[in-house]
Amino acid sequence: MEINPCAEVALDAERYRAVMQWALKDHDPLDGSAHIQVGTLADEGWYVRHLGFGGRRFGDKQAAWNAIRELMGRHKGRWEQIALDSGPFSTVFRPDGSRVLYDMNDDACLYSYWGRRKDPLWERFSTAIASGTTSRRTETHSLFDGYIELVEYDDPLDGSRRHAVITACDPGSDYRVVDHPQRRRAEAEYEKAVYDNLDEDFPYQVCDIPSVPVDRRSRPPEGLTVLSSGTILDSDDLDAYKRMYLPPSRVEWPKAAIPAVPPAPVSGMTAEPRDWGPAEVKVRDVTPAVWGETDGELRPNALALATLPDGRQLLASAHDSAAHIWSVGDGRSVRTFSGHSEWVLAVALTVLDDGRVALATGGKDGLARLWSAREGDALQELEAHRGPVNSVAWACPPGEAPLLVTGGDDATVRVWDVETELDIRTFQVGAAGVELVWSVAATVLSDGHVCVVAAAEDMEAAATVHVWDATTGQKSHEFVIEGDGLASAPPKVAVAPLADRSFRIAVVAGSVVRVWDGHSGQVVRTLSVPEDGGGDVALAVLPDLRVVVAATGGRETLAWDVESGTVLARLRHEDNGFRKSVSLVARHDGALLLATGRENDSPARVLRLDIRW
């Protein structure tokens, strides 16, 4: 006799009378305690109810007793008569017609009451559900690889249309299937399951309920680190784990050369700024003609120039979908770099001691990625910040592998050892999501220490410039800048060392450019951007210790001699644009190369400055 395991007979409380009931004892530990009840119907006949196989009507007493013996034989264990109680039968067959088919954490489900037939029966149901149509889905945090689904399927036993809600937030330890005869009730159960399993520390990756927050990158909560292997570690144990268990980096990073001149203390300005400007400045627009023919959608988010040992110049540009490297001389596109899941916000180039060029990119996806500029190979990926990586910078301390500096929306500046992929310094500038790090810059000073500079801005539009000795971990300066139209654009910084062992720090904030002596913190020069809305800033050092600062503001890009405050070059752009980028580098022949970008510059405009004093 085959009894539909899910066809529960409808029993009106006034039209039936229970006679006897049994409960399964000494059953298999993986089974539930099944119940069987037998009774009479008011319209004559008998009924038999089973906790896992539902109920059925029978014409006479003998047929009912035959069914009871057959149902009891489906289980291992001992049946014991108990007091009449209809309560257990409503736990898996709910009054609204829904059924708890499977629950990994609770015996109160049909699967646990199916006895010897549980596995083949469940296989039929799971196959039917897998062949159904998924109409709604929520995906849990990637650490759990789970989901909550609403699936429409056909019952494999009677062919009726059912709507299953599958809650598998952690499929290895949490799996539950409930189905309904009506879509409306299944929708309500689906949404209840989604809300019941919300977790602020482990948010969903995907959810179709607009009011439910998601984190598509599934970042681990504060204090936990997830390795690419899936191993979860306390962040405090990460360094020790990597040293003990992870193989060394597959990338061979050359050590920076040790200079012939021994390290010397960092000094301040040796004299007041020279108040005379240049005798002559020749400015030429050397933008490659082919750039005017490139895709107009390549609007730069950030730019970075580099001079190679053979005299060639490269330009890196960050765009919404990818980063690019260009040959400035002929305008040729050297390489395109795609790997971030969201916008590329920052780029930085460094020329290694073996002649190779490395590119660093920062993305809105919270990652910093390292690339080989010539081959285009992806070298490393760093989960740099819990939020967008707004800026990246390189530093090459003598005798060591390069260091990468990153700044992001989580109010931190991090210094990375690219050989070990370890975060060797973390500088906190405020509360995450309140104080945003918009810009970082780095250089090596005369004493061999790495200087890191960062510009941050809080929700009240007060900008702060932080200066650290990253080698010792100590803060050198903190400059607070208020007003000056800060809300129009985030602050940006630059840093450059001088041969007299001093160094300069520049920031553009609102409509003002400031340049400090990095040792003393003394303001060397304050300059005005003609139009409010500063965008970016860059520094370069000429052979006679003069410093040139370039900045963008409004529709203009300007370059000044910091010593005298003289304007060396002025470039008027066709449009203002949301992103304003600038980079400045000294050529081997003493000239300066300035790259700047706006909405319609694809990827940039380039000026050459030949200055005679």
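Everything here concerns the structure above.
Notes on the structure in this doc start here. Because the structure is a prediction, the values reported are computed rather than measured.

### Considering the sheet that holds strand 9 (residues 161-170)
Right, on to step 1. Judged by pairing direction, the sheet is antiparallel, and its five strands sit side by side in the order 6-10-9-8-7 without closing on themselves. Two strands close off the open sheet at either side, each with one partner strand: strand 6 (99-103) and strand 7 (133-139). Strand-to-strand, the axes of this sheet are offset by a mean angle of 15°, without reference to chain direction.
Right, on to step 2. Looking at chain direction, strand 7 and strand 8 (residues 147-154) are connected through six bridges and run antiparallel. Counted as the bridge partner of Arg 137 is Glu 149 from strand 8.

### A word on the nonpolar core
Right, on to step 1. Val 48, Trp 122 and Val 177 are the most contacted members of the largest nonpolar core, which totals 43 residues.
Right, on to step 2. Residues Val 251, Ala 346, Leu 379 and Trp 416 belong to the second largest nonpolar core, which totals 19 residues.

### Structural notes on the pairing of strand 23 (residues 403-408)
Right, on to step 1. Where burial is concerned, most of strand 23 is hidden: six out of the six residues are buried.
Right, on to step 2. Of the two faces of strand 23, the one holding Leu 403, Val 405 and Gly 407 and the one holding Leu 404, Thr 406 and Gly 408 are both buried throughout.
Right, on to step 3. Alignment of strand 22 (residues 389-395) against strand 23, held across six bridges, turns out to be antiparallel. If you follow Val 389 over to strand 23, its bridge partner there is Gly 408.

### A closer look at the pairing of strand 19 (residues 357-363)
Right, on to step 1. In terms of burial, strand 19 is largely enclosed, as seven of its seven residues are buried.
Right, on to step 2. Of the two faces of strand 19, both are covered, the one formed by Val 357, Leu 359, Thr 361 and Gly 363 as well as the one formed by Ala 358, Ala 360 and Gly 362.
Right, on to step 3. Pairing of strand 18 (residues 344-351) with strand 19, which is carried by seven bridges, proceeds in the antiparallel orientation. If you follow Val 344 over to strand 19, its bridge partner there is Gly 363.
Right, on to step 4. Where strand 19 lies against strand 20 (residues 367-372), five bridges are found, and the strand directions are antiparallel.

### Remarks on the sheet that holds strand 24 (residues 412-417)
Right, on to step 1. A sheet is described by the order of its strands in space; here four strands give the open sequence 22-23-24-25, paired in antiparallel fashion. Of all strands in the sheet, those with a lone pairing partner are strand 22 and strand 25 (422-428), marking the two edges. Sheet twist, expressed as the mean angle between neighbouring strand axes with direction ignored, is 20°.

### Side note on the state of the cysteines
Right, on to step 1. Within the structure shown, the criterion is met by zero disulfides.
Right, on to step 2. Note on Cys 207: no disulfide assigned, nearest cysteine sulfur contributed by Cys 169 at a separation of 11 Å.
Right, on to step 3. Just so you know, Cys 451 is unpaired, no disulfide at all, and the nearest cysteine sulfur is the one on Cys 396, 15 Å from it.

Scoring rules and cut-offs
- Residues numbered from 1 in each chain as written.
- Predicted model: local features only at pLDDT ≥ 70, side-chain atom pairs only at ≥ 80, totals over all residues.
- Heavy atoms only, no water.
- Pairing = 2+ DSSP bridges.
- Helix = DSSP H or I, 4+ residues; strand = E, 2+ residues; numbered from the N terminus.
- Axes fitted to C-alpha atoms, helices over the stretch in contact; angles between N-to-C directions.
- Core = buried A, V, L, I, M, F, W, Y, C linked by side-chain atoms within 4.5 Å.
- Buried < 20%, exposed > 50% of the residue type's maximum accessible area, 1.4 Å probe, protein only.
- Disulfide = S-S within 2.5 Å.

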